[in-house]
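# Structure assessment
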Amino acid sequence: MTNETTIKNKAPIWLIAIAILMPTSFSALATTATNVAIPHISGYFAATADEAKWIVTSYMVANACLIMLTGWLEHLLGRKRFIKISITIFTLGALICTIAPSLNIMVLGRLVQGIGGGPMTPMSQTILLSAFPPEKKGFAMTLFGLAVMVFAILGPSFGGFLVDNFNWHYIYSVNIPVGIISILLINKCIENTKPAKEKHHVDFVGMTALILWLLTMQIVLDKGQQYNWFDCPWICWLSGISLVLLSFLIVWEIENKNSFMKVRLFKDRNFFIGTVISTIVTMVVFTTMFLAPQFLQNILGYTALLSGYSMAPRVISCLVMIAFITPLMKIYDSRLLIAVGFFFLGAATFMFTNVNLAVSFFYVAMPNVLLGFGVILTFIPISALALGTLPKDQLANGASLHNFCKTVGAAVVVSISSTIVARHSQIHQNHLVDNLSNFNLIFQQKMAGLIHTFSMGASHSFAQVKANAYLYTQMITQARMMSYVDVFATFALLAFISIPLAFFMKINDKQDCND
C-alpha cells in the first residue's frame, strides 16, 4: 500500500476533495461554457462556423488521448507530481486562450487545455477513492459525479453570463486563479506516490498510433465539410490513413501483451454494450449542448446569457434525479431505468424539432428538464453495469477506455451535426426558393405589402430591391432552422432506437450501485 495516497495526519478529506475537484469541475465548466461563446469567438476572429469547430474538437481529441495515457504517466511521474503538471498545463492553456491574437493560437490554447484537462477526471477519481475510507467511497463518487455533472451543465449559463456582461475571454481567464489555488492546495494536501523504479515495457508503438489516428481523424472531421469531404483528394488520403491507423491500433493492442489500451476488455459483453450505450448517450446530450446555443443565438436572436439560462433547468432535474437514482436502482432493474432514460432523452430531443421562429423561451427550456432526468437515468446505471462485471484489477483500465470512447464520440458528433446543418440548409434552401416566384400568389401579396412599407421612405425601385432582400434573408433563416430540426430529429431517432440495447446486458446480483 505504499503507492496509495494517504491523508492521515495530513489534511481533512473535505479539503482534499476541494483541492482535486476544483480544477476538474472548472475544466468541465470551460468545456461546456465554450459552446455558448462559439458565435462570439468566431465573430471576434472573423472565422466561419466550420473553422470555429476546431475550438471544441481540438480540446476533445487532446482530452481523449491523455485519458488513455493517464495510467502510464502517473506510474512514470508519480501521482502528486503528475496532477500538478496537468493542472499547470491546463492553466497555461487557459492563459493562451485568454490572450490569443488569432484563431490558430486559440485552437492551440484549447489543445493545451485538453492535454492538461484529460488526466483530471481519472486522477480525481483515483485520489478520492484513495483518500476516503472504504465506508465512504460511495459518497466520494457521489461528490465526484455531482461536481463534474453540475458544473458541466452550469457551463452554458456561466458562459452566457460572462459573455453578455464582460466578454468571452473571461471563460478561460477564470481558470488561471483556480489553477494556481488548486496547485497550492494539492501541494499541501496530497501525498505523492513514488515513480516506479522497476523497468516496464512502454507501448510506444500503440501510443504513437493512437496520437496519429486521433490527429488525422480530427483534421478529417473538422475540414471535411469545408473542403466538400471526399471530393477533396487530401481528405480522402487522410481518411484512408486514419482508418489504417485505427485498424493497426486495434490489432496491435489486442496482440501486444504490454498494451496500454486494453481492447480485450470489449470481450466482456456488459462492458462492450455499456460503452456503446454511454457513447450514444454522450452523442445525444452533447448534440443538444453544442447546437442548441447556436440555434438560439444565430436563429432566434437570443443573447448568450439567455441561451445559457434556457439550459439551466438541466441542473435542477439532474439534482433531483441524483437524490433518487440510488433508491431506484435498488428497487428496479437498472436496464429498465436505462431504457426509461433513453426515452426521456429521445422525447426531449424530439421536442426541439417543433421549434419555429416564434417559439417561446418556456418551450425551449422544457426539453432540458427531461434531458436532465434522462442523463442521470442512463449514465449512472450504465457505469454500474458496464464496469461491474470486469475483474477488479482491470477497473482502472476499463474506466479509462470507457471514458475515452465517450470523449471521442463527443468530438465526432460535433462534426457530424455541423455537417448535417450545413448540407441540409442547402437542401431546404433549394426547396424553399421555388416559393419565391411571381407565380406564387402568397409571395406576390407579401412583396406588395413590403414594397408599400419600404416605399414610404425611399423610391419604388429601392423598395422593391429591399423587399426582395428581406424575403431572401427570411428564406435563408427558415432553411437554417429546418436544418437544425433535422439534426435534432436524427439524434432523437438514435435515442429511441437505442432503448432495447440495455436489455442485452447482464445483471450482476452482487453489484453494489454505490461502488
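Residues numbered from 1 in each chain as written. Predicted model: local features only at pLDDT ≥ 70, side-chain atom pairs only at ≥ 80, totals over all residues. Heavy atoms only, no water.

### Some thoughts on the overall build of the protein chain
Counting secondary structure elements, the protein chain contains 18 helices and zero strands. A globule of 515 residues ought to have a C-alpha radius of gyration of about 24 Å, and the protein chain, at 25 Å, matches this closely. Dimensions of the protein chain, computed from C-alpha atoms along their principal axes, come out at roughly 85 × 50 × 45 Å. For the protein chain, the proportion of contacts with a sequence separation of at least 24, taken over those separated by at least 6, is 82%. By element, 68% of the accessible surface of the protein chain is carried by carbon and sulfur atoms, the whole surface being about 23,200 Å². Charged side chains in the protein chain number 31 positive and 21 negative. The centres of these two groups are separated by 6 Å. (Helix = DSSP H or I, 4+ residues; strand = E, 2+ residues; numbered from the N terminus. Rg over C-alpha atoms; globule rule 2.2 N^0.38 Å. Contact = heavy atoms within 4.5 Å. Areas by Shrake-Rupley, 256 points an atom, 1.4 Å probe, with all protein chains shown as cover. Lys, Arg positive; Asp, Glu negative; His and termini not counted. Charge placed at Lys NZ, Arg CZ, Asp CG, Glu CD.)

### Concerning the packing of aromatic side chains
What the rule picks out here adds up to 18 aromatic pairs. Note on Tyr-44 and Phe-45: the rings are 5.0 Å apart at their centroids and 90° apart in plane angle, and the pair reads as edge-to-face. For Phe-45, a relative accessible area of 14% puts it in the buried group. Centre to centre, the rings of Trp-229 and Phe-230 are 6.4 Å apart; their planes meet at 45°, and the pair counts as tilted. Through successive ring pairs, a cluster of aromatic residues spans Tyr-44, Phe-45, Trp-168 and Tyr-172. (Phe/Tyr/Trp six-rings, centres within 6.5 Å; stacked < 30°, edge-to-face > 60°. Buried < 20%, exposed > 50% of the residue type's maximum accessible area, 1.4 Å probe, protein only.)

### Quick notes on the packing of helix 14 (residues 334–351) against helix 18 (residues 460–497)
Between helix 14 and helix 18, the least distance of the axes is 8 Å, while the angle of their chain directions is 165°. With respect to each other, helix 14 and helix 18 are oriented roughly antiparallel. Once helix 14 is placed against helix 18, the crossing between them reads as left-handed. Listed contacts from helix 18 to Phe-342, Phe-343, Leu-345, Gly-346, Ala-347, Thr-349 and Phe-350 of helix 14 are Phe-488, Phe-491, Ala-492, Ala-495 and Phe-496. The class makeup of the residues in the contact of helix 14 with helix 18 is ten nonpolar, two polar and no charged. (Axes fitted to C-alpha atoms, helices over the stretch in contact; angles between N-to-C directions. Parallel < 35°, antiparallel > 145°, perpendicular 65-115°, else oblique. Left-handed = near helix turned anticlockwise from the far one by under 90°. Nonpolar A, V, L, I, M, F, W, Y, C, P; charged D, E, K, R; others polar.)

### Overview of the side chain of Thr-287
Examined against the element boundaries, Thr-287 turns out to sit in helix 11 (residues 269–299). When residues no more than four places from it in sequence are discounted, the contact partners of Thr-287 are Ala-292, Val-413, Ser-417, Val-487 and Phe-491.

### Notes on the pattern of salt bridges
A full pass over the atoms with the stated rule returns one salt bridge. One salt bridge in this structure joins Asp-333 and Arg-335, with 2.8 Å as the shortest N-O distance. (Salt bridge = Lys/Arg side-chain N within 4 Å of Asp/Glu carboxyl O.)

### Quick look at the side chain of Ser-42
Take Ser-42: it is sitting in helix 1 (residues 13–44). On the accessibility criterion, Ser-42 (11% relative accessible area) is buried. Filtering out sequence-adjacent residues up to four positions away, Ser-42 remains in contact with Ala-47, Thr-48 and Ala-52.

### Overview of the nonpolar core
If you look at the biggest cluster of nonpolar residues, it comprises 137 residues, and the most contacted ones within it are Leu-210 and Phe-404. Those residues within four positions of Phe-404 in sequence are excluded, and the remaining contacts are Ala-64, Ile-67, Met-68, Leu-210, Trp-213, Leu-214 and Met-261. Counting eight residues, the second-largest nonpolar core is a separate cluster that includes Phe-443, Leu-450, Phe-454 and Leu-471. (Core = buried A, V, L, I, M, F, W, Y, C linked by side-chain atoms within 4.5 Å.)

### Describing the confidence of the model for the protein chain
Confidence along the protein chain averages 80 in pLDDT terms, with 91% of residues attaining 70 or more. Contacts of residues 1–9 to residues separated by more than four positions or lying in other chains number 15 contacts, the stretch itself having pLDDT below 50. Note on residues 510–515: pLDDT is under 50 here. Beyond four places in sequence and across chains, it has eight contacts. (pLDDT = per-residue confidence, 0-100.)

### Examining the packing of helix 11 against helix 18
Two numbers describe how helix 11 lies on helix 18: the axes approach to 10 Å, and their chain directions differ by 165°. What the angle tells us is that helix 11 and helix 18 run roughly antiparallel. In this structure, the crossing between helix 11 and helix 18 has a hand that is left-handed. Note on element contacts: helix 18 touches helix 11 through Thr-477, Arg-480, Met-481, Tyr-484, Val-487, Phe-488, Phe-491, Leu-494 and Ala-495, opposite Ile-280, Met-283, Val-284, Thr-287, Thr-288, Leu-291, Ala-292, Gln-294, Phe-295, Asn-298 and Ile-299. For the contact of helix 11 with helix 18, the per-class residue count stands at 14 nonpolar, five polar and one charged.

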